[in-house]
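Architecture at a glance
So you can see what is in the structure, the chains are spelled out below.
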Amino acid sequence: ESVAPSWPMILQLNLMNREPQNPEPRNVSIYSSPMPRPWDVIGIGATSVDYVYRLPVRPEADGPHSKIRISSHTVSCGGQMATALAACAALGLRAKFAGVLGSDDNGTRVQEALVARGVDVADAIVHHGPNQFAVILVDERTGERMVLWSRDDTIALGADELPPELLPSARVVHVDDVDQQAAIQ
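Note that the coordinates shown come from a computational prediction; the quantities given were computed from them, not determined experimentally.

The next thing to look at is the overall build of the protein chain. Looking only at helices and strands, the protein chain features four helices and nine strands. When its helices and strands are written in sequence order, the protein chain yields α-β-β-β-α-β-β-α-β-β-β-β-α. By residue count, 41% of the 185 residues in the protein chain fall in the buried class. At a minimum sequence separation of 6, the contacts of the protein chain that also span at least 24 residues come to 78%. Surface summary for the protein chain: the accessible area is close to 10,200 Å², and the carbon and sulfur share equals 54%.

Put into structure tokens, the structure is as follows:
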């Protein structure tokens, strides 16, 4: 019996893997502000390329489940911030990613996926190094997952890397638990 993956996995798969949509931005008010701002939301945080493997059972170090045939495999763009901004853009909000991407193929893949979903990446910062990635093992029977991830220190965001005029240009600045020192600044 197969059980669907948990809701974060569903959100990621639904938002980042569907065909890109370029909706017209809606006039959505989350609070009143007399200042016009070009962005509804600016996001600074995690992007990732996720290598998702669906397995018939949960792997074990020893025993009959130490070697398992993969049922299916997908490669998807995700990460907390990339997924949140893709959702914002899908809802018609003017969304901008201003965090760090790696200079490798995965960084390029994430950047292209964000642009295809209507997220502006003009202020994204590219650092020389590999983009974050994850290997996600999903037990098809229960929907439980194991996430193995890697984020190289070379793609950490420095507090002084964001232009000072950038953040006031958004109604909302959304940060996650990546690059905490820069996010606090």
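Having seen the structure, we can now continue with the description.
Here we come to the sheet that holds strand S4 (residues 95-97). Taken together, the three strands give an open sheet; going across it, the order is S4-S1-S9, and neighbouring strands pair in parallel fashion. Two strands close off the open sheet at either side, each with one partner strand: S4 and strand S9 (170-175). In this sheet, adjacent strand axes meet at a mean angle of 20 degrees when their direction is disregarded. Bridge count for strand S1 (residues 39-44) against S4 is three bridges, and the pairing is parallel. Across the sheet, Gly 43 pairs through a bridge with Phe 97, a residue of S4. With respect to the sheet, helix H2 (residues 80-90) is in contact with S1, S4 and S9, its orientation differing from that of S4 by roughly 160 degrees.

In this section: the environment of Ser 76. Here Ser 76 shows up in strand S3 (residues 72-78). Ser 76 sits in the buried class, given a relative accessible area of 2%.

With that settled, consider the nonpolar core. Counting 18 residues, the largest nonpolar core has Leu 85, Ala 95, Phe 97, Val 110, Leu 114 and Val 119 as the members making the most contacts within it. Of all the secondary-structure elements, those providing two or more residues to this core are H2, S4 and helix H3 (105-116). For this core, the leading source of residues is H2, giving five residues. Discounting chain neighbours no more than four positions away, the residues touching Leu 85 are Val 41, Gly 43, Ala 95, Lys 96, Phe 97 and Val 119.

For the rest of this paragraph, the subject is the sheet that holds strand S2 (residues 48-55). Reading across the sheet, the four strands line up as S3-S2-S7-S8 and stay open at both edges, with mixed pairing between neighbours. Each of the sheet's edge strands pairs with one partner strand only, and the pair in question is S3 and strand S8 (145-150). Each neighbouring strand pair of the sheet contributes to a mean axis angle of 20 degrees, computed without reference to strand direction. Pairing of strand S7 (residues 133-139) with S8 involves six bridges; the strand directions are antiparallel.

How each quantity is defined
- Residues numbered from 1 in each chain as written.
- Predicted model: local features only at pLDDT ≥ 70, side-chain atom pairs only at ≥ 80, totals over all residues.
- Heavy atoms only, no water.
- Helix = DSSP H or I, 4+ residues; strand = E, 2+ residues; numbered from the N terminus.
- Buried < 20%, exposed > 50% of the residue type's maximum accessible area, 1.4 Å probe, protein only.
- Contact = heavy atoms within 4.5 Å.
- Areas by Shrake-Rupley, 256 points an atom, 1.4 Å probe, with all protein chains shown as cover.
- Pairing = 2+ DSSP bridges.
- Axes fitted to C-alpha atoms, helices over the stretch in contact; angles between N-to-C directions.
- Core = buried A, V, L, I, M, F, W, Y, C linked by side-chain atoms within 4.5 Å.

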